[in-house]
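If you want the building blocks of each chain, they are given just below.
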Amino acid sequence: MLSERRLQVLRAIVQDYVGTEEPVGSKALTERHNLGVSPATVRNDMAALEDEGFIAQPHTSAGRIPTDKGYRLFVDKLAGVKPMTAPERRAIQNFLEGAVDLDDVVARTVRLLAQLTRQVAVVQYPSLTRSTVRHVELLALAPARLMLVLITDTGRVEQRMVDCPAPFGEASLADLRARLNSRVAGRRFSDVPGLVEDLPDAFEAEDRGTVSTVLSTLLETLVEENEERLMIGGTANLTRFGHDFPLVIRPVLEALEEQVVLLKLLGEAKDPGVTVRIGHENAHEGLNSTSVVSVGYGSGGEAVAKLGVVGPTRMDYPGTMGAVRAVARYVGQILAES
């Protein structure tokens, strides 16, 4: 374990390097920070930090920069994230409250995160596997043609046409609508098949074929929509950090184009806390020079998806973590109210 003083020196190195983009020397540290020790002691502490792999000398300059291991210790020992100011919080709320539907919520969240953090923003659509049914609407378009509208607790709306094997009367349609909602409203998607399997038996023989067709359309919708979707924005922000990527920026951009890679990066939605993956902790080789800060969001205290940012390891971690967490909280509130 590092002594408290060496931890203080490491914190100062991280803060200065993130702020100045320049390798940090012992003289500058002593001048900028009230470390309470002589420059010689700081030099000894820096030598010890380097021996233990927390900082490194990038080239022959006298300064040092944090390694992935150094950033990891810095993040693990953070006393707290940087809170958003009251004007920032109001701006977030006002911007997100203008959204008209779920697609707009996701698009605005991506834009907002990219602007606040000046990194690449990634937002996962709420997963239907973790969603519940808010309402199922059935509308008659013709005697033997219906529209099925599925509305989820996260505000997602799916519409499907249903061609019935025989004409279906208004009374039967109202009966099916009521029975279906009484069974599935407020229930998880994964529970729906078992809840409706015997529903056709409640209807007259001539209506059972149509009821079965409606149910199979509903269940197909659930399966189709299980595919995870993402929105990404702010990729141009990476170009501001050209010198932070030791090789070239292309591997990072290529990795960001792969949806599977991004979903793995964001991690499991059921882990609601802020997660930080630094440098080589990212399994994908193209992202070894980046850090990923992600958090779960959702309504009613349960995470239904993740959002986060990708940027260079030389990142303002307290500020980025604070922004990501604040945005997730407001998105969750908007989903709960939608």
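Just above, that's the structure.
Reading the values: rules and limits
- Residues numbered from 1 in each chain as written.
- Predicted model: local features only at pLDDT ≥ 70, side-chain atom pairs only at ≥ 80, totals over all residues.
- Heavy atoms only, no water.
- Helix = DSSP H or I, 4+ residues; strand = E, 2+ residues; numbered from the N terminus.
- Rg over C-alpha atoms; globule rule 2.2 N^0.38 Å.
- Buried < 20%, exposed > 50% of the residue type's maximum accessible area, 1.4 Å probe, protein only.
- Contact = heavy atoms within 4.5 Å.
- Areas by Shrake-Rupley, 256 points an atom, 1.4 Å probe, with all protein chains shown as cover.
- Salt bridge = Lys/Arg side-chain N within 4 Å of Asp/Glu carboxyl O.
- 1 Å grid on protein atoms, 1.4 Å probe; cavity = no way out; pocket = protein on both sides within 12 Å on 5 of 7 lines; lining within 4 Å.
- Points joined across faces, edges and corners; volume = space filled by probe spheres on them.
- Nonpolar A, V, L, I, M, F, W, Y, C, P; charged D, E, K, R; others polar.
- Domains from an automatic or database assignment.
- Phe/Tyr/Trp six-rings, centres within 6.5 Å; stacked < 30°, edge-to-face > 60°.
- Lys NZ or Arg CZ within 6 Å of the ring centre and 35° of its normal.
- Patch = residues over 30% accessible without salt bridge, like charges linked within 9 Å, V, L, I, M, F, W, Y side chains within 5 Å.
- Lys, Arg positive; Asp, Glu negative; His and termini not counted.
- Charge placed at Lys NZ, Arg CZ, Asp CG, Glu CD.
- Expected span 1.5 Å × (residues − 1).
- Pairing = 2+ DSSP bridges.
- Axes fitted to C-alpha atoms, helices over the stretch in contact; angles between N-to-C directions.
- Core = buried A, V, L, I, M, F, W, Y, C linked by side-chain atoms within 4.5 Å.

Colleague: Can you help me understand the overall build of the chain in this one?
Modeller: Along the backbone of the chain there are 12 helices and 10 strands. The C-alpha radius of gyration computed for the chain amounts to 26 Å, which surpasses the reference 20 Å derived for 338 residues by more than 25%, pointing to a less compact arrangement than a globule. Principal axes of the C-alpha set define a box for the chain whose edges measure 90 × 40 × 35 Å. In the chain, buried positions account for 48% of the 338 residues. Pairs at least 24 residues apart make up 60% of the contacts formed inside the chain by residues separated by at least 6 positions. Of the roughly 15,900 Å² of accessible surface on the chain, a fraction of 51% belongs to carbon and sulfur atoms.

Colleague: I would appreciate a short explanation of the pattern of salt bridges in the present structure.
Modeller: Pairing of side chains with opposite charge becomes possible as their charged atoms draw close. Applying the stated rule across the entire model yields 17 salt bridges. The salt bridge involving R108 is made with D104; its shortest N-O contact spans 3.2 Å. Here R108 pairs with D104, and both are found in helix α6 (residues 102–117), just 4 residues apart, close to one helical turn.

Colleague: I would appreciate a short explanation of the layout of surface pockets in the present structure.
Modeller: By rolling a water-sized probe across the atoms, one finds the places where empty space is left. Roughly 430 Å³ of volume is contained in the second largest pocket. Lining the second largest pocket are 21 residues, and of these L116, T117, Q119, D316 and T320 sit closest to its centre. Sorting the residues of the lining of the second largest pocket by element identifies α1 (4–20), α6 and α12 (317–337) as the ones contributing at least two each. Of all the elements, α12 adds the most residues to the lining of the second largest pocket, at 3 residues. Looking at the lining of the second largest pocket residue by residue, the class counts come to 8 nonpolar, 6 polar and 7 charged. Two domains each donate at least three residues to the lining of the second largest pocket, and these are domain 1 (4–77) and domain 2 (86–126 + 228–337).

Colleague: Explanation requested: the packing of aromatic side chains in the structure shown.
Modeller: Remark: the centre distance and the inter-plane angle together describe each pair of aromatic rings, the angle taken between the planes. Across all of its chains, the model carries 1 aromatic pair by this definition. Relative to Y317, the ring of Y71 has its centre 5.6 Å away and its plane inclined at 50 degrees; by these criteria the two rings are tilted. In this pair, Y71 sits in helix α4 (residues 68–76) while Y317 sits in helix α12, placing the two residues 246 residues apart along the sequence. Residue Y71 is classed as buried on the basis of its relative accessible area, which comes to 2%. In this arrangement the basic side chain of R179 is found over the ring face of F203, its NZ or CZ atom lying 5.5 Å from the centre.

Colleague: Looking at this structure, I do not really get a positive patch on the surface. What am I missing?
Modeller: Together, R89, R90, R325 and R329 make up a positively charged patch on the protein surface. Among the secondary structure elements, those contributing two or more residues to the positive patch are α5 (86–97) and α12. Looking at the secondary structure, you find R89 in helix α5.

Colleague: Just to check I follow, could you spell out α1 for this structure?
Modeller: Side chains of residues three or four places apart in an α-helix project in the same direction, reflecting 3.6 residues per turn. The end-to-end C-alpha separation of α1 is 24 Å, in line with the 24 Å expected for 17 residues at 1.5 Å each. Among the residues making up α1, those that are buried are L7, V9, L10, A12, I13, V14, D16, Y17 and V18. Downstream of α1 by one or two residues, E21 has phi in the positive range, about 65 degrees.

Colleague: Where do I start with the sheet that holds strand β5 (residues 145–152) in this structure?
Modeller: As a general point, the strands of a sheet are linked pairwise by backbone hydrogen bonds and lie either parallel or antiparallel. Across the sheet, which stays open at both edges, the 3 strands sit in the order β4-β5-β6 with antiparallel pairing between neighbours. Strands at the two margins of the open sheet, each flanked by one partner only, are β4 (133–142) and β6 (157–163). Between one strand axis and the next, the sheet turns by 20 degrees as a mean value, whatever way the strands run. In this structure, β4 lies alongside β5, joined through 8 bridges in antiparallel fashion. Within the sheet, the bridge partner assigned to V136 lies in β5 and is L150. On the sheet, helix α7 (residues 170–184) packs against β4 and β5 and is oriented at approximately 165 degrees with respect to β4.

Colleague: Would you mind showing me how to read the nonpolar core here?
Modeller: Generally speaking, nonpolar side chains in soluble globular proteins are found buried as a group. Among the nonpolar cores identified, the biggest contains 56 residues, and L29, L307 and Y317 are the most heavily contacted of them. Looking at this core element by element, the count peaks at 11 residues for α12. Counting contributing residues per domain, this core is built from domain 1 (4–77) and domain 2 (86–126 + 228–337), each supplying no fewer than three. In this structure, L29 is in contact with V9, A12, I13, D16, V24, L35, V42 and M46, ignoring residues within four places of it in sequence.

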